[in-house]
Amino acid sequence: MALAVGLGFTGLAYGQATTGSIFGTAPAAAGETVMVQGANGATREVAVDASGRYSVSALPVGRYTVTLRKDGQTLASQENVTVSPGAGTQVPFASATAENAQNLGAVQVVASALPAIDVTSVNSSTIITAADLQKLPVTRNAESIALLAPSTTRGSSYFPNAVAFGGSSVSENAYYVNGYTTGAPYKNIGGFQLPYGAIDQQETLTGGYDAKYGRSDGGVINQIGKRGTNEWHFGGQVAWEPRFLEASPRNTYYPHLAVPAPAGTTSYTLARPDLQGVLERYRNNNKQWETIYSAYVGGPLIKDKLFMFLAGETTRTHSTSVQPAVENSLSTVQYNRDKDTKFYGKLDWNITDSNVLELTALKDNQTTGAGSTYNFNYDTLQAEDFRAGNNVAKNNAKFYIGHFTSYITDDATLSILYGKASFDNPTLYGNHSTLPFISNPQYITASKLPAGGFFNDQTNTRWYSSNATNATHGLRADFDYRLGDHDLAVGIDNMHYAASNQGPSQYNPFNPSLNYFWSYRADGTVRQYTIGWETSMSTDQKAYYLQDAWQVASNLLLKIGVRNDHFINYNDVGQAFVDEKNQWEPRIGVSWDVNGDSSFKVYGNVGRYYLALPENAAERAANISTYTYYKFNYTSVDENGIPQGLTSTDGGILHSPDGEFGLPKDPQQVTARNLKAEYMDEFIAGFDKQLNENWTYGAKAMWRDLKSAIDDECSPGQIANKMASMGLNPDDYADSLYGAAYCRLINPGETNTMLIRANAGSGLSDQLVSMTMQDWGFTQGVKRKVGSLNLYLEHPFDGKWQARVDYTYTRGFGNTEGQVRSDFGQSDVSKTEDWDAWQLMDGQNGELFNTRKHQIRVRGAYQFTPEWLVSGTLLAQSGLPQECLGYYGPNGDEDPVGYGPNYHWCAGKRIAPGFKHTPWTKELNLGVHYTPAFADHKLGLNLDIFNAFNEQKATQTDPTQDADVGFVSPTYGMPLYYETPRTVRLSVTYDY
């Protein structure tokens, strides 16, 4: 197999790959060629070289017929050869010997029950085909498919459907469809994807991709859509997940809590001892039914020349969601109607055998939350009067992609891809209440309540625009040239993003004079909060790369590449506040075909990966933002829950923990002048080996080390101390230090150069202040280190059965999850509470949120008869590390930066993440499929059971111990999210 690489086949999988290769050996003779013909009639023909080797590269993903010819005469042929993205498929005709060369009439395809190991690949990827998806019981989204790959975990349920790769955060991944990026542009959490039935193959990359691709230090989800062929095909599916077959979700109860021992001068008591064991949320009725309708058609518009494929899918979901109990008032129940409609269209034009044009259109219209909200009585557990219409969130996207490929010669290939996309994500409010929201009503002093309690129908603390939009466009061009034992590649990869009216506003559109909400406290006070930062922003991401695939020896391949990325982030008026240049990323991979016959591969990969800041980075960091509150005592509460008889507790001070008073920000002050992008170094070593003619096994070790990150600091006092040590008077720079640029983006742990401007009219010069790690008060820089070892055993599908078992051991530790923070769902990308102050980092060095120490994956299918097939998947994994958050210091009574109980201290003790864990989870999915012979196996009747054992263990718990100083929160340790209850999917399919 490695011999073919000498002819220029690289076969390395990478994030946006939409092509692969076919290669092999044949008897060497003059006039001998190998012809590869796709199902759409496109034909490529190459000569067999003097040593009996051939290779056909840059083939679009799909199925091919491979034919050995001599002077135009067919000698042997193999059909249904599958090409996967970035991978190579071996089709050997015979060993290249002189004896075979003289006996061409006896040439046969060398068949093998076990596909040869791809010795040209040095990456870590899992490819799931459409055939796999027909067999396996998998939830119908890209993330569930990705979870079949080792070293992946579900992200926190604060980020629905998100997936984490190799211990990285959920915003550090890349999504592609047919070569174009489809990640959600605003925060890069999740992405847009194909209709399920239009997926030809999904490649899940967990590491090791080459210099052509970047902008991810997590993983890559790469979907390739189906295309038309010379035969017309059509089909459809109806799938139904009925409510009556769904198991009842578990109710949530307030936990029974122990009172901590006194911490120094602070004694503890339960904030609400009467709530222990009380029902917090009635979930037994929070069920749904879901129906999916899908159809497709594909075939030739002009045989061998022009082809089309169309697919559509609509998912309708009706659900019930009873909200947590609201003390002193009525709770609510929401009846929701969600709809998700997807469209995929593709045209393939074989202009000539050497020039191909592909056009893709993808559309996704999502509507979430339509329906009504009713009052819910926790005494009777019944819905009561209508309260309001639901808020409806829309998320609509359109993608248009053009991809031109020219096979200039057998040695030179040019690929040009251009795409553009538009998004709109308005929120339409069904609740038109003019009242302020009431937060934490359980802490209202009982004696201050009106007779009969209060009623407040407001459900919103902030509002999102009905005109929120986004757009992207991108160009990449790749030129590949084969020169002897070298396959040389050069290219560019550019993207532009622009967003408008994103983020929350503090103004109630139905009562514009109202810009606040009320939050009651366990200490008997109340706060008036004003929070909002709706804004616009844009980004540019540009790169170029050079790469060489060098066949050092007949069985040794060396991949050498380098990539240079340039990231620019702009604020709402088009001024750059981040400009990161000359980010060099070396990528080196090696593959050793030990036996020279593709039966045993040893491989390794070393690479550096930079990550750009998404659009969301401008929010709060570079644009106008407001986060303020006043503190009050109160004498009573009116019938709407609004406090009365207010008196300030501190003389009317307007508080803002991070200086967010709604003022414009200087783009040069909000980031370190020498800011570098986040990047990670990755090291991979592994082997794949054929155990026998039916089984393959292997192992892979991976080490990931986050070398640099971006987050904001909110410690102007530390800068003031450094300026004082420089002989400067910080008061002369107070407007800059404590003004709108109060929080600044830095590289934590490194020396950051901060621009501090002199007060207007002072006559003094601006200052560049060099802040070391010690100047900020930190004792340690960024640390996120993840090591893993994966062992696998696989039996590919042989017409009867298939199976794969993976065991992954992972050790992840450090003080930084990444761009977001999952423990309490903070999605302010690279602006989390981490690194805001050294006290917040004290005690944070521990286990990482997105790692699971042990993971066992099993997937398989068994074809009992031509009509009956059973299948299953299992994901068993140890729990996630838990935290304990409270007030700071040995007395448990300090709040040095005004963040409340968000320090890694509990009851006067420093507690690092991982002091205990959530329980193991074991999710088993089962499938039964019947394709009757009377319908020529084109009709399918399917039954899939998800979470067959109905295990509903907690997957995340509340980490905050303190409600206020000395008061233990009644929700500490309470489950926030559970495993999804058992559901059953019934479906009927027809494929012609």
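What you see is a predicted model; the values in this text were computed from it and never measured.

### Notes on the overall build of the chain
Piece 1. Per the secondary structure count, the chain includes 8 helices and 61 strands.
Piece 2. Compactness check: the chain gives a C-alpha radius of gyration of 30 Å against a globular reference of 30 Å for 992 residues, within 12% of the reference.
Piece 3. For the chain, the spread of C-alpha atoms along the three principal axes comes to 100 × 70 × 50 Å.
Piece 4. Buried residues in the chain amount to 59% of all 992 residues.
Piece 5. Carbon and sulfur atoms form 54% of the exposed surface of the chain, whose accessible area is close to 37,000 Å².
Piece 6. Separation of charge centres in the chain, based on 76 positive and 100 negative side chains, amounts to 3 Å.

### Quick look at the UniProt feature "domain: TonB-dependent receptor-like beta-barrel" (unreviewed entry) in the chain
Piece 1. Here the UniProt-annotated "domain: TonB-dependent receptor-like beta-barrel" (unreviewed entry) positions come out as residues 369-713.
Piece 2. The span residues 369-713 is 0% helix and 59% strand, and its two end C-alpha atoms sit 36 Å from each other.

### Side note on the sheet that holds strand 4 (residues 53-60)
By definition, the strands of a sheet pair up through backbone hydrogen bonds, in either a parallel or an antiparallel sense.
Piece 1. The strand order across the open sheet formed by 3 strands is 4-1-7, and the pairing between neighbours is mixed. Of all the strands in the sheet, the pair left with one neighbour each is strand 4 and strand 7 (88-90). Mean inter-strand twist for the sheet, computed between neighbouring axes without regard to direction, equals 20°.
Piece 2. As paired strands, strand 1 (residues 19-25) and strand 7 are joined by 3 bridges and run parallel to one another. Paired with I22 across the two strands is T89, which belongs to strand 7.

### Quick look at the packing of aromatic side chains
Piece 1. Here the structure, examined in full by the defined rule, presents 35 aromatic pairs.
Piece 2. Ring geometry for F376 against Y378: centres 5.3 Å apart, planes inclined by 80°, an arrangement best described as edge-to-face. Residues F376 and Y378 agree in their burial class; the two are buried.
Piece 3. Taking 6.2 Å as the distance between ring centres and 90° as the angle between the ring planes, the aromatic pair formed by F600 and F687 counts as edge-to-face. You can see F600 sitting in strand 37 (residues 600-611) and its partner F687 sitting in strand 42 (residues 678-690), a full 87 residues away along the chain.
Piece 4. You can call F687 partly exposed: its relative accessible area is 26%.
Piece 5. Among the aromatic residues, those joined into a cluster by ring pairs are F437, F517, Y529, Y627 and Y629.
Piece 6. When the ring centre of Y603 is taken as origin, the NZ or CZ atom of K601, which lies over that ring, is 4.6 Å away.
Piece 7. Over the face of the ring belonging to Y792 we find R804, whose NZ or CZ atom lies 4.2 Å from the ring centre.

### A few points about the UniProt feature "domain: TonB-dependent receptor plug" (unreviewed entry) in the chain
Piece 1. According to UniProt, the feature "domain: TonB-dependent receptor plug" (unreviewed entry) maps to residues 122-219 in the numbering used here.
Piece 2. Secondary structure content for residues 122-219 is 11% helix and 28% strand, while the C-alpha to C-alpha distance between its ends is 15 Å.

### Points about the environment of F479
Piece 1. Summarising the element assignment, F479 is placed in strand 29 (residues 469-483).
Piece 2. Sequence spacing of F479 and L546 is 67 residues, and the spatial spacing of their C-alpha atoms is 10.0 Å.
Piece 3. Once residues within four sequence positions are removed from consideration, F479 is found in contact with I408, A412, T413, L414, L488, A489 and V490.

### Details of the environment of I856
Piece 1. As for its placement among the helices and strands, I856 is situated in strand 51 (residues 854-863).
Piece 2. A relative accessible area of 32% means that I856 is categorised as partly exposed.
Piece 3. Remark: the alpha-carbon pair of I856 and A876, spanning 20 residues in sequence, is separated by 5.1 Å.

### Points about a nonpolar patch on the surface
Piece 1. Together, W240, F244, L245, W289, Y862, F864, W868, V928, L943 and L986 make up a nonpolar patch on the protein surface, roughly 890 Å² of accessible area in all.
Piece 2. Within the element layout of this structure, F244 appears in the loop between strand 15 (233-241) and strand 16 (252-253).
Piece 3. Under the relative-accessibility criterion, F244 is labelled exposed at 61%.

### Description of the nonpolar core
Generally speaking, a soluble globular protein has its nonpolar side chains buried in company with each other.
Piece 1. The biggest cluster of nonpolar side chains holds 43 residues, and the ones touching the most others in it are I719 and I756.
Piece 2. Those elements that provide at least two residues to this core are strand 11 (174-177), strand 36 (576-593), helix 5 (716-725), strand 45 (744-746), strand 46 (752-756), strand 47 (767-771) and helix 7 (773-776).
Piece 3. If you tally residues by element for this core, the top one is helix 5, at 3 residues.
Piece 4. Among all residues touching I719, those that are not within four sequence positions of it are E713, L737, R744, I756, V769, M771 and W776.

### Thoughts on the state of the cysteines
Piece 1. All chains considered together, the criterion is met by 2 disulfides.
Piece 2. Here C714 is linked by a disulfide to C743, with a sulfur-sulfur distance of 1.9 Å. With the S-S bond torsion at 115°, the cross-link from C714 to C743 turns out right-handed. Placement of C714 in the loop between strand 44 (711-713) and helix 5 and of C743 in the loop between helix 6 (734-737) and strand 45 is noted, with a sequence separation of 29 residues between them.
Piece 3. Covalent S-S linkage joins C884 and C906, the inter-sulfur distance amounting to 1.9 Å. Taking the sign of the S-S torsion, about -105° here, the bridge from C884 to C906 comes out left-handed. Here the residue C884 occupies a position in the loop between strand 52 (868-877) and strand 53 (905-906), and C906 occupies one in strand 53, the gap between them amounting to 22 residues. In terms of burial, C884 and C906 fall into one category: buried.

### Observations concerning the pattern of salt bridges
Where side chains of opposite charge bring their charged atoms close, a pairing between them can arise.
Piece 1. In this structure the tally under the stated criterion is 42 salt bridges.
Piece 2. One salt bridge in this structure joins R744 and E713, with 4.0 Å as the shortest N-O distance. You can see R744 sitting in strand 45 and its partner E713 sitting in strand 44, a full 31 residues away along the chain.
Piece 3. The class of R744 is buried, set by a relative accessible area of 0%.

### So, the pairing of strand 21 (residues 331-352)
Piece 1. Bridging between strand 20 (residues 306-322) and strand 21 involves 17 bridges; their strand directions are antiparallel. For M308, the partnering residue across the bridge sits in strand 21 and is L347.
Piece 2. As judged from the 20 bridges shared by strand 21 and strand 22 (residues 355-377), these two strands associate in the antiparallel manner. Counterpart to L347 in the pairing with strand 22 is L359.
Piece 3. Connecting strand 21 to the next strand, strand 22, in antiparallel fashion are 2 residues.

### Concerning the environment of A383
Piece 1. Along the chain, the position of A383 falls in strand 23 (residues 382-389).
Piece 2. The class of A383 is partly exposed, set by a relative accessible area of 35%.
Piece 3. Here the alpha-carbon distance between A383 and Q334, two residues 49 residues apart in the chain, equals 9.6 Å.
Piece 4. Sequence-distant contacts of A383, that is, excluding residues within four places in its chain, are made with V333, Y335, Y374, N375 and F376.

### Topic: the confidence of the model for the chain
Piece 1. Of the residues in the chain, 96% have a pLDDT of 70 or more, and the chain-wide mean is 92.
Piece 2. Segment residues 1-15 is flagged for pLDDT under 50; beyond a separation of four residues in sequence, or across chains, it makes 82 contacts in the model.
Piece 3. The low-confidence segment residues 95-113 (pLDDT under 50) makes 32 contacts with residues lying over four places distant or belonging to another chain.

### Digging into the sheet that holds strand 27 (residues 438-439)
Piece 1. Across the sheet, which stays open at both edges, the 5 strands sit in the order 27-32-33-38-41 with mixed pairing between neighbours. Edge strands, defined here as strands with exactly one partner in the open sheet, are strand 27 and strand 41 (647-648).
Piece 2. Judged from the 2 bridges that link them, strand 27 and strand 32 (residues 517-520) form a sheet pairing that is parallel. Bridged to S439 within strand 32 is S519.

### As for the side chain of Q541
Piece 1. Secondary-structure assignment places Q541 in strand 34 (residues 535-553).
Piece 2. On the basis of relative accessibility, which here comes to 7%, the residue Q541 falls in the buried class.
Piece 3. Not counting residues up to four positions away in its chain, the partners in contact with Q541 are R215, D493, N494, M495, Y497, H566, F567, A612 and L613.

### Notes on the side chain of K135
Piece 1. Among the structural elements, K135 can be located in helix 3 (residues 130-135).
Piece 2. Leave out the neighbours within four places in its chain, and K135 touches F797, Q802, A861, L869, S871 and H929.

### Structural notes on the pairing of strand 29
Piece 1. Where strand 25 (residues 412-424) lies against strand 29, 13 bridges are found, and the strand directions are antiparallel. Bridge pairing links Y418 to L475 in strand 29.
Piece 2. Bridging between strand 29 and strand 30 (residues 486-502) involves 15 bridges; their strand directions are antiparallel. Within strand 30, the position partnered with D480 by the bridge is A489.
Piece 3. Connecting strand 29 to the next strand, strand 30, in antiparallel fashion are 2 residues, including G484 with a positive phi near 60°.

Calculation notes
All residue numbers here refer to positions counted from 1 along the written sequence of the relevant chain. Reporting in this predicted model follows two pLDDT cut-offs: at least 70 for local features of residues, and 80 or more for side-chain atom pairs to be given and counted; totals over whole chains, interfaces and linings ignore these cut-offs and use all residues. Excluded from the side-chain calculation are hydrogens and water; included are all heavy atoms of the structure. Numbering goes from the N terminus for both helices and strands, where a helix is a DSSP run of H or I of at least four residues and a strand is a run of E of at least two. Computation of the radius of gyration draws on C-alpha atoms, with the globule rule given as 2.2 Å multiplied by the number of residues to the power 0.38. Relative accessible area decides the class of each residue, using a 1.4 Å probe on protein chains only: under 20% of the type maximum gives buried, over 50% gives exposed, and in between gives partly exposed. Per-residue accessibility takes into account occlusion by the displayed protein chains alone, with areas from the Shrake-Rupley method and a 1.4 Å probe. When charges are counted, Lys and Arg contribute as positive and Asp and Glu as negative, whereas His and the chain ends are disregarded. Charged groups are reduced to one reference atom each: NZ for lysine, CZ for arginine, CG for aspartic acid, CD for glutamic acid. UniProt positions are given in the numbering used here, feature names are shortened, and annotations may be inferred rather than shown by experiment. At least two DSSP bridges between two strands are required for those strands to pair. The axes used here are C-alpha line fits, helices contributing only the stretch in contact, and every angle between their N-to-C directions lies in the interval 0 to 180 degrees. For this analysis, a ring pair means two rings from Phe, Tyr or Trp (six-membered ring only for Trp) whose centres lie within 6.5 Å, classed as stacked if their planes differ by under 30 degrees, edge-to-face if by over 60, and tilted for the remaining angles. Placement of a charge over a ring requires the Lys NZ or Arg CZ to be within 6 Å of the ring centre, with the centre-to-atom vector within 35 degrees of the ring normal. Here a residue-residue contact requires only that any non-hydrogen atoms of the pair lie within 4.5 Å. The patches reported here contain residues having more than 30% relative accessible area and no salt bridge. Joining distances are 9 Å for like charges and 5 Å for nonpolar side chains (Val, Leu, Ile, Met, Phe, Trp, Tyr). Take a side-chain nitrogen of Lys or Arg and a carboxyl oxygen of Asp or Glu: if they are within 4 Å of each other, that pair is a salt bridge. The term nonpolar core refers to a set of buried residues drawn from Ala, Val, Leu, Ile, Met, Phe, Trp, Tyr and Cys, joined through side-chain atoms within 4.5 Å. By convention in this document, the label disulfide applies to cysteine sulfur atom pairs within 2.5 Å. Confidence scores here are pLDDT values: one per residue, from the predictor, ranging 0 to 100.

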